[in-house]
Amino acid sequence: MQNQSKDIGKLAADTIRILSAEAVEKAASGHPGMPMGCADYAFVLWSKYLRHNPADPAWPGRDRFILSAGHGSMLLYSLLHLSGYGISIEDIKNFRQWGSHTPGHPERNPAHAIEVTTGPLGQGFAMGVGMAIAQKMLAARFGKDLFGGNIFSIAGDGCVMEGVSSEAASLAGHLGLGNIVYFYDDNRITIEGPTNLAFSEDTAKRFESYGWHVLKIDGHDQAACAAAIEAGVAETERPTLIIGRTHIAYGSPGKADNASAHGAPLGAEELAAVKKNLGWENLPEFHVPKEVRTVFENRAVALKAEYNLWQNAFKAARSKADFTARWDAFFSGETAPELAERLLKYLPEKPQATRQYSGAALQQLAEELPGLVGGSADLAPSNNTLLKKFASIKRGDFAGRNIHFGVREFAMASVSNGMALFGGIIPYAGTFLIFSDYMRPAMRHSALMGARVVYVLTHDSFFVGEDGPTHQPIEHLASLRAMPNMAVWRPADRAETAAAWEAAVMRKNGPTALMLTRQEVPILPMDAARVVSSARRGAYILADTADPQIVIIATGSEVGLALEARTALESAGIKTRVISMPCTQVFEAQDKTYRDKVLPPQLRKRVVIEAAATFGWERHAGADGLLIGLDRFGASAPGKVLKEKFGFTAKSALERISRKWPELNVKI
Ligand SMILES: Cc1ncc(C[n+]2csc(CCOP(=O)(O)OP(=O)(O)O)c2C)c(N)n1
Ligand SMILES: [Mg+2]
């Protein structure tokens, strides 16, 4: 065969190029240019350096590879196929089809070593920083023998332009994450054309100023790729960025260096021209030369030896006293049952803000869950997120458990995603609820990937007061509740805060957003242990009478107000039920019998009180319900004044109820 005389590296890279281009052609959709441009670097990395094990994709000691430029997914699928993961040629032929293992952009799939979902540019880059932090933290706890690997990524112009990569790179440089070895696919092309349309900075200097170790190479020179990876792995004090000058659609006579190769099939004619150009014109579609298979088979043998070395180190470690228990405490991520009941003992019994209860709960959670680590985007004193007994991580010392993320919300959330998905770590990330907007893309990504990240979002309503409308969340509760797989808890008091934290850390398949008050809330007039067990169902009857005429549903800080309104209504002779609903989604997931017991279908006079946009509450209030919320931006004034102005008083609630249902004859 004519290919046999060729250099094996080139042959393998061309295999990746053609497999990728053919898959895109067959799907009539996708991105051929990027895999063709990055094939040389990717081949070198995957055939010589990346430590992984197709027979045990979950191997905790493996290196991580993140395709930050997720649109180049065919590059990853080609590599996974060649490396012996469960991606078959059939799967490659089904690229981008319903139910295939080869979706348009890589979707987290641990069985196939797809570490994270990528596609939204820049987030893969930032998640890798989180993985690097997690790896260093675990190395500090279990030794470098077990967690001495590297985090590799391929990022494109788009990733490097996105702000989140700047935030994450700055943090990575500051922390000296020498376990990062990233490749920047410097092809100088994005969708609209050459990058110089909008991008003219000196990327190398930029990353150097962040404290990165920057190398510049010809990304098609495989020897240079190998040397750069070796230099990156050898550099342990600084993260490495290998800037590889590449050509998009390398190998394509008509489309190389052209934006037209970015997001559309090459076209039958051009694909034929590529195959001719690369000496493949007589080969069938989706062909993998035997020699290329052999390269990867040999790599698998070498990797098996590395894997066994690791397993031996692991076995030796396990023989040490208490290692197994410590390991399991991190990697099972479980606690003994009745966590919330235990937490209660540590929460002050006097009225406080829920953010303060949360802070107290965290201290105890940290005792029970050694993998729980986190911090805030510079608001720890307000978010109450500091673990008081523990140190902060810093360059060269990752034994601590507090992370100072700096004023970088988006990177904080992305980094948390990376930490959660690395394994062994349960990250939490704090900021004001209003600034959830700054990290929303990564929050969505946590939900999409099913990452256990706990968002600690304090200052959860206009009751923030004087800071004004820029700091007063309105639509945030509704918008986060609208996000699939994002659990939103808004606890009303100390016991509900304990239940909310329990739910958050026990939720292994998705993120939780804890909405916490800045201002003090009363302690609910129900036995705390009963509040905990009731809150576990998302909503429950807090105060009741036989045959209620009206029901008030409230969350968080408005539960106290609902109780005040009830007292007034009862003294006016109106039989009133109050429901506390800390988590709408958990309530909605309860069986119908329970839901109907709490909120009987025939009880039509329903009021919802929440200091936020009313959007979505029709679901529980019904078309005839009364929604007391705030469907405008807030204002700068003391919280007490806003309470009056925005009608969050028992008197105002009563007025609105009597106007809405005159037949109740509420005497005000
Ligand atoms: C956050 C985000 N914005 C926009 C897009 C749409 N998009 C996909 S690829 C791309 C251009 C990426 O250019 P580059 O990273 O240089 O990739 P190349 O064209 O070189 O393969 C854009 C804008 C996206 N995926 N994510
Ligand atoms: Mg590009």
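To be clear, the structure that these remarks concern was listed above.
Note that residues are indexed from 1 along each chain, following the sequence as it is written. Here the convention is simple: chains get letters from A, ligands get numbers from 1, in the order in which they are written. Reporting in this predicted model follows two pLDDT cut-offs: at least 70 for local features of residues, and 80 or more for side-chain atom pairs to be given and counted; totals over whole chains, interfaces and linings ignore these cut-offs and use all residues. In computing side-chain values, all of the structure's heavy atoms are included and hydrogens and water are not.

Moving on, we get to the coordination of the magnesium ion (ligand 2). Ideal geometry at a metal centre gives angles of 109.5 degrees when four donors are arranged tetrahedrally and 90 or 180 degrees when six donors are arranged octahedrally. Shown as donors are all N, O and S atoms within 2.8 Å of a metal ion, widened to 3.2 Å for Na, K and Ca; because water is not in the atom set, sites may appear incomplete. Only Asp157 (OD), Asn187 (OD1) and Ile189 (O) from the protein reach the magnesium ion (ligand 2) as donors, at distances of 2.1 Å. Look at where the donors of the magnesium ion (ligand 2) fall in the sequence and you get D-x29-N-x1-I. Side by side, Asn187 and Ile189 carry an identical accessibility label, which is buried. With a 1.4 Å probe rolled over the protein chains alone, any residue whose accessible area is under 20% of its type maximum counts as buried; one over 50% counts as exposed, and the rest are partly exposed.

Once that is clear, we can look at helix H5 (residues 123-142). The terminal C-alpha atoms of H5, which comprises 20 residues, lie 28 Å apart, in line with the 28 Å expected from a rise of 1.5 Å per residue. Within H5, 18 of the 20 residues are buried, which leaves the element mostly enclosed by the surrounding structure. Secondary structure elements follow DSSP: runs of H or I no shorter than four residues count as helices, runs of E no shorter than two count as strands, and numbering proceeds from the N terminus. Just downstream of H5, Gly143 is the residue with a positive phi angle, here 100°. By this rule the span expected of a helix is its residue count minus one, scaled by 1.5 Å.

Turning to the pattern of salt bridges, a few remarks are in order. Note on definitions: salt bridges are taken to be side-chain nitrogens of Lys or Arg within 4 Å of carboxyl oxygens of Asp or Glu. Following the criterion strictly, the structure yields 28 salt bridges and no others. Among the salt bridges present, the one from Arg17 reaches Asp40, with a minimum N-O distance of 2.6 Å. Of this pair, Arg17 sits in helix H1 (residues 8-27) while Asp40 is found in helix H2 (residues 33-49), placing the two residues 23 residues apart along the sequence. Accessibility expressed as a relative area gives 1% for Arg17, which makes it buried. Note on Asp40: relative accessible area 4%, which makes it buried.

Turning our attention to the sheet that holds strand S1 (residues 64-67). By this definition, two strands are paired if DSSP reports at least two bridges between them. With parallel pairing, the five strands of this open sheet are ordered in space as S1-S2-S3-S7-S6. Looking at which strands have only one partner, the edges of the open sheet turn out to be S1 and strand S6 (213-218). With direction set aside, neighbouring strand axes in the sheet form an average angle of 20°. Across six bridges, strand S3 (residues 180-186) lies against strand S7 (residues 240-245) in parallel orientation. Residue pairing across strands places Val181 opposite Thr240, the latter belonging to S7. Axis geometry follows a simple rule: fit a line to the C-alpha atoms, using only the stretch in contact for helices, then measure angles between N-to-C directions, giving values from 0 to 180 degrees.

The next point concerns the nonpolar core. Here, nonpolar core means buried Ala, Val, Leu, Ile, Met, Phe, Trp, Tyr and Cys residues that are tied together by side-chain atoms lying within 4.5 Å of each other. One finds Leu365, Trp501, Val607, Phe648 and Ile657 to be the most contacted residues of the largest nonpolar core, which totals 87 residues. The greatest single-element share of this core, amounting to seven residues, is contributed by helix H19 (residues 494-506). In what follows, residue pairs with any heavy atoms lying within 4.5 Å of each other are defined as contacts. Once residues within four sequence positions are removed from consideration, Trp501 is found in contact with Leu343, Ser358, Ala361, Leu362, Leu365, Tyr428, Val454, Val456 and Leu514. Listed in part, the 81 residues of the second largest apolar core include Leu138, Ala155, Ala377 and Ala513.

It is worth spelling out the environment of Arg656 at this point. Position of Arg656 among the secondary structure elements: in helix H26 (residues 650-660). The partly exposed category is assigned to Arg656, whose relative accessible area is 28%. Here the alpha-carbon distance between Arg656 and Leu627, two residues 29 residues apart in the chain, equals 9.6 Å. Apart from residues no more than four positions distant in its own chain, Arg656 is found in contact with Leu626, Leu627 and Ile628.

Pairing in this open sheet of six strands is parallel, and the strands run S10-S9-S11-S12-S14-S13 from one edge to the other. The open sheet terminates on both sides in strands that have one partner only, identified here as strand S10 (402-404) and strand S13 (487-489). Strand-to-strand twist in this sheet, taken as the mean axis angle between neighbours without regard to direction, amounts to 20°. For strand S9 (residues 372-376) and strand S11 (residues 426-432), the ladder comprises five bridges, and the chain directions are parallel. Opposite Gly374, over in S11, you have Tyr428 as the bridge partner.

Our focus in this paragraph is unusual backbone geometry. Here the phi dihedral of Asp378 falls at roughly 70°; this positive angle occurs in a residue that is not glycine. Residue position: Asp378 is located in the loop between S9 and helix H15 (380-383). The backbone of His459 sits at a positive phi, close to 60°, despite the residue not being glycine. As for its position among the elements, His459 is in the loop between strand S12 (454-458) and helix H18 (476-481). The exposure class of His459 is buried, given its relative accessible area of 6%.

Every other side chain in a regular strand lies on the same face of the sheet, so the side chains alternate between the two faces. Across the two faces of strand S19 (residues 606-609) the burial is the same, with Arg606 and Val608 and Val607 and Ile609 all buried. Both strand S17 (residues 550-554) and S19 contribute to a ladder of four bridges, which runs parallel. In the sheet register, Ile552 faces S19, and the bridge partner there is Val607. For S19 and strand S20 (residues 626-628), the ladder comprises three bridges, and the chain directions are parallel. Each residue of the ladder has a partner; that of Val607, found in S20, is Leu626.

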